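A closer look at the structure
Here is how the chains run, residue by residue.
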Amino acid sequence: MGVALVAIGIIGVMAWRWVATTQAPMDRTDMQRQLNEAQASVEGFLLANHRLPCPAAGTDGVEACSSTTAVRFPWRTLGMDSELAALHYGANRGGGADLAALPAAQDWPDFGLTFTEVPVFPALSPVPADVTAAGTRVNASYADAVALRPVVNGLDWCAVVRRLAANSGATGVLRAGATGGSVPVGFVIAHPGANRQFEGNNAEGASASFRFDLPGRSQDLNYDDLMLAVGPGDLSARLGCAVRLSEMQVAMQSSYAAYDTARVMQQYWSLLRFDIDQAESAVDGAESGVALAAMGLALATTSAVLSIASAANTEGVTAFIVVMAAVNVAASIAETVLAAQDLTAAQEDLQAARDKLVAGNAYAIHVYNSLADALDNAVVLDRKGLNP
């Protein structure tokens, strides 16, 4: 019996300590710790899922996104301890900016433009392998960018929260405070305080429009709740939305500028091809001119020979005929020389046009690689989203 009494006594002491611990009022440090842990878990959920968690309908801690009256902290959905079940929580779901819904995918990172494939102009035959490789790389980079169009990430959510910040007075936006003085919030967390009772506007159903008080409300015998609220602008800044969206904007603008440069370069490329075609035609014409001049010289030479032979067998104006034949030969020689000079000039022009095309090919490779680099950078930023 003595042993049994000792055992009962030990169990009684343990039970008393447990009851005393669970019923003892929390100090302000513990309450603030719970609020901080709750905030960190909400923002961690946002980074992982590209949306805020929905409130829970009960103390089971499971978010209830279809409920319009849920106000409990979704501790189980967030993988937190059940001690946070006592908290209340709200996320903005109105004003055309539902922060707890998966946002629509934006047209990152290709700026929403319909890039057709970048053609590799056959300026030379065969097309240089390095030009083909650069063009192939551009098309592959663009394909990667297009593939990310339907993929939702934190940048898409940033676009929503920034829209909320720009239109925070819209009907249905979550607000904290009294009817006469409230502010818009992205999300809010309320702790019931030492008495474990929500008071003021934090009391569920206390107001048709507000369920939460402003942080920093003075405490008295009728109110000891602790609040944590994050406005849409502050929430955007905390997650780095401005920086990440700016980086993506720069990357997309760079892609856009590089794409324009590539298209202009392709037009210049086609002009270089036309210049070569014209130079080749000029060479063909000059070669024909040389051939005709050579034929004319041959005919003039033959005529001169015949004239001399005729002068040897005839009398009269033979001297004049010989002189004219000699003049014709001289003229034919001059035409042949001029035709040869024209051919040389045409060949030099053709070589100059081909040299320009070689330089154009090198520039095209640079432009293509710049476009591919810009697209690749935008793809990396898109995949990264809001993650560090």
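See the structure printed just above.
Described below are features of the structure shown in this document. (Residues numbered from 1 in each chain as written. Predicted model: local features only at pLDDT ≥ 70, side-chain atom pairs only at ≥ 80, totals over all residues. Heavy atoms only, no water.)

Here we come to the overall build of the protein chain. The helix and strand inventory of the protein chain stands at seven helices and five strands. When the helices and strands of the protein chain are read in sequence order from the N terminus, they spell out α-α-β-α-α-β-β-β-β-α-α-α. A total of 388 residues make up the protein chain; the buried ones form 38% of that total. Considering only residue pairs separated by 6 or more positions, the protein chain has 74% of its internal contacts joining residues 24 or more positions apart. (Helix = DSSP H or I, 4+ residues; strand = E, 2+ residues; numbered from the N terminus. Buried < 20%, exposed > 50% of the residue type's maximum accessible area, 1.4 Å probe, protein only. Contact = heavy atoms within 4.5 Å.)

A few words now on the packing of aromatic side chains. With the rule as written, the count across this model stands at three aromatic pairs. Ring geometry for F73 and Y89: centres 5.9 Å apart, planes at 90°, overall edge-to-face. In this pair, F73 is assigned in the loop between α2 (28-49) and β1 (88-91) and Y89 in strand β1, connecting sequence segments 16 residues apart. Each member of the pair, F73 together with Y89, is buried. Taken together, a centroid distance of 6.4 Å and an interplanar angle of 70° make the contact between W269 and Y368 edge-to-face. With W269 in helix α6 (residues 241-313) and Y368 in helix α7 (residues 318-384), this pair connects stretches of sequence that are 99 residues apart. (Phe/Tyr/Trp six-rings, centres within 6.5 Å; stacked < 30°, edge-to-face > 60°.)

This brings us to the nonpolar core. Among the nonpolar cores identified, the biggest contains 41 residues, and L52, F73, W157, F187, I189 and L235 are the most heavily contacted of them. If you list the elements that add at least two residues to this core, you get α2, β1, α4 (154-166), β4 (187-191), β5 (226-230), α6 and α7. If sequence neighbours within four positions are ignored, L235 has contacts with E43, L52, L99, W157, V161, G186, F187 and V230. Counting residues in each nonpolar core, the second largest holds 29 residues, with V138, Y142, M265 and A279 among its members. (Core = buried A, V, L, I, M, F, W, Y, C linked by side-chain atoms within 4.5 Å.)

The next subject is the state of the cysteines. Taken as a whole and assessed by the stated rule, the structure comprises two disulfides. What pairs with C158 in a disulfide is C241, and their sulfur atoms sit 2.0 Å apart. Disulfide C158-C241: the torsion about the S-S bond is -75°, which places it as left-handed. Of this pair, C158 sits in helix α4 while C241 sits in helix α6, and the two are 83 residues apart along the sequence. Note on accessibility: C158 and C241 belong to one class, buried. Sequential numbering of the bridged cysteines in the protein chain gives the disulfide pattern 1-2, 3-4. (Disulfide = S-S within 2.5 Å.)

One pass over the full model with this rule turns up 12 salt bridges. The partner of R33 in a salt bridge is D30, and the shortest N-O contact between them spans 3.9 Å. Of this pair, R33 and D30 both sit in helix α2, three residues apart, roughly one helical turn. Judged by relative accessible area, D30 falls into the partly exposed class, the value being 30%. For the salt bridge of E280 with R273, the shortest nitrogen-to-oxygen distance reads 3.8 Å. Judged by relative accessible area, which is 27%, E280 ranks as partly exposed. (Salt bridge = Lys/Arg side-chain N within 4 Å of Asp/Glu carboxyl O.)

The next thing to look at is the side chain of Q266. You can see Q266 is positioned in helix α6. Side chain to side chain, Q266 and R263 meet in a polar contact 2.7 Å long. (Polar contact = N/O pair within 3.5 Å; in protein donor to acceptor, adjacent residues only side chain to side chain.)

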